[in-house]
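# Observations on chain architecture
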Amino acid sequence: MHSEFAGYLLWIGGAILTTVVFGAVAKRFHQPRVLGALIGGLIIGMLFSGTDLFRQLRSTHGIPFIAGLAEIAAMLLLFKAGLEGNLHSIIQDARQGWKVACIGVIVPVIGGFAYTMAATHVAWPVALFQGGVFAATSVGITVAVLQELGVIHKRYARTIISAAVIDDVLGLLILTVCDALNSSEDLAVGAVSIKIGQALLFVGIVPVLGHRLAPPLLRALNRLNEEAREAIVLSFLFLYGAAALSVGLAAIVGAYFAGVALEEVYFIREDKPVHEKSVEGFIDSLIVALGPIFFVYAGCIVDPQIFLSMSVLVIGITFTVIAVVGKLACGLVVSDNRLLIGVGMVPRGEVGIVFATIGFQKGILTPELFGASMIMVLLTTMLTPILLKRVIDRAS
């Protein structure tokens, strides 16, 4: 027990130091630190691939302790993104975000489904599930790059974040249906409908309730204990994440809406009292400390052996082309910054890994399809920081 925990602590410490070193190298070459962290995680995964820790990390069950820390790190990134807006801006951004998200789901899902049917000859429910993996967007990767480049407050950044959150909701709904279609049991239409209804209610109601109830509740809690501001913020972050998980959504979706709810109380503005600014500084410090765990984890869980199969490589590269083109099509429905918004929607990251892993664990995706999906996730995740920085620099 102690030796296992020591191994976990060793991985966490190594992950943080890896991002320090590789982040600095990436910065030296004028690239985002996020890219350095991902590459560092991939290199660590290759060097220590034969160890028990990494075999356990890549198993179907994984290491809950490390996976949980990585998920919390992603939640902090989304929480920070939510703090950059408020309910009114979210509603305004969602007007474009819905159009971007729908195209970003429909085009890659259809493309992934059609190619999987043609190239692998699997049953159509399996191909449909594989298509559903293409729907994911890793808003955590994009948010980290946008924050590092100092453009998170821009209108196009808020559109990307809004669309990515909607993307994940739509993707989870699609996978819920696909999972039911691939089940050996009869399709429980009522159960699927309840899950879809719960997810839609969460997205529609929770932001409004947070806007109404969170500010007075937080102020009351702050009056009880003014020294517990940071603890109160974290409690809301975790409670929102738990609420999202309870209705079948990702915890990062709840974290984003928690940030939206708390924005009116804690967000830094010029007229805010100095003591309230410490809360966002606290969140920034947590992101600096825990963010590396998420990015290195995303690189480490990719098994390097998948690169040894030529057939898997061909399918994976084709998957990547479909995934990139499908998300670039998002930009066609907006009037400004089309390429920038399309590129911002490209990375699959941890969300794509979660989607593919669900299919693999349930026996829906074959090892070959899972390996090809991991190649697609890895390439789209690594390409995005490079492309996004160049497009933003050109736009500026």
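Described in the following lines is the structure provided in the data block. (Residues numbered from 1 in each chain as written. Predicted model: local features only at pLDDT ≥ 70, side-chain atom pairs only at ≥ 80, totals over all residues. Heavy atoms only, no water.)

## Some thoughts on a nonpolar patch on the surface
On the surface, a nonpolar cluster with roughly 470 Å² of combined accessible area is contributed by Ile317, Val321, Val325, Leu379, Leu383 and Leu387. Looking at the nonpolar patch, the elements with two or more residues in it are α13 (310-328) and α16 (367-395). In this structure, Leu383 sits in helix α16. (Patch = residues over 30% accessible without salt bridge, like charges linked within 9 Å, V, L, I, M, F, W, Y side chains within 5 Å. Areas by Shrake-Rupley, 256 points an atom, 1.4 Å probe, with all protein chains shown as cover. Salt bridge = Lys/Arg side-chain N within 4 Å of Asp/Glu carboxyl O. Helix = DSSP H or I, 4+ residues; strand = E, 2+ residues; numbered from the N terminus.)

## A closer look at the packing of aromatic side chains
If you walk through the whole model with that rule in mind, you get 6 aromatic pairs. Where Tyr8 meets Phe65, the ring centres are 6.0 Å apart and the plane angle is 25°; that geometry is what we call stacked. Placement of the pair is Tyr8 in helix α1 (residues 2-28) and Phe65 in helix α4 (residues 64-83), with a sequence separation of 57 residues. By relative accessible area, Tyr8 is classed as buried at 11%. Note on Phe65: relative accessible area 36%, which makes it partly exposed. In this structure an aromatic cluster arises from ring pairing among Phe5, Tyr8 and Phe65. (Phe/Tyr/Trp six-rings, centres within 6.5 Å; stacked < 30°, edge-to-face > 60°. Buried < 20%, exposed > 50% of the residue type's maximum accessible area, 1.4 Å probe, protein only.)

## Overview of the packing of helix α7 (residues 139-148) against α16
Two elements in contact, α7 and α16, have axes separated by 10 Å at closest approach and are oriented at 35°. The crossing of α7 and α16 is right-handed. Here α7 contributes Ile141, Thr142, Val145 and Leu146 to the contact with α16, which in turn contributes Thr381, Thr384, Pro385, Leu388 and Ile392. Looking at side-chain class alone, the contact of α7 with α16 contains 6 nonpolar, 3 polar and no charged residues. (Axes fitted to C-alpha atoms, helices over the stretch in contact; angles between N-to-C directions. Left-handed = near helix turned anticlockwise from the far one by under 90°. Contact = heavy atoms within 4.5 Å. Nonpolar A, V, L, I, M, F, W, Y, C, P; charged D, E, K, R; others polar.)

Function cannot be read off these values alone, since they describe shape.
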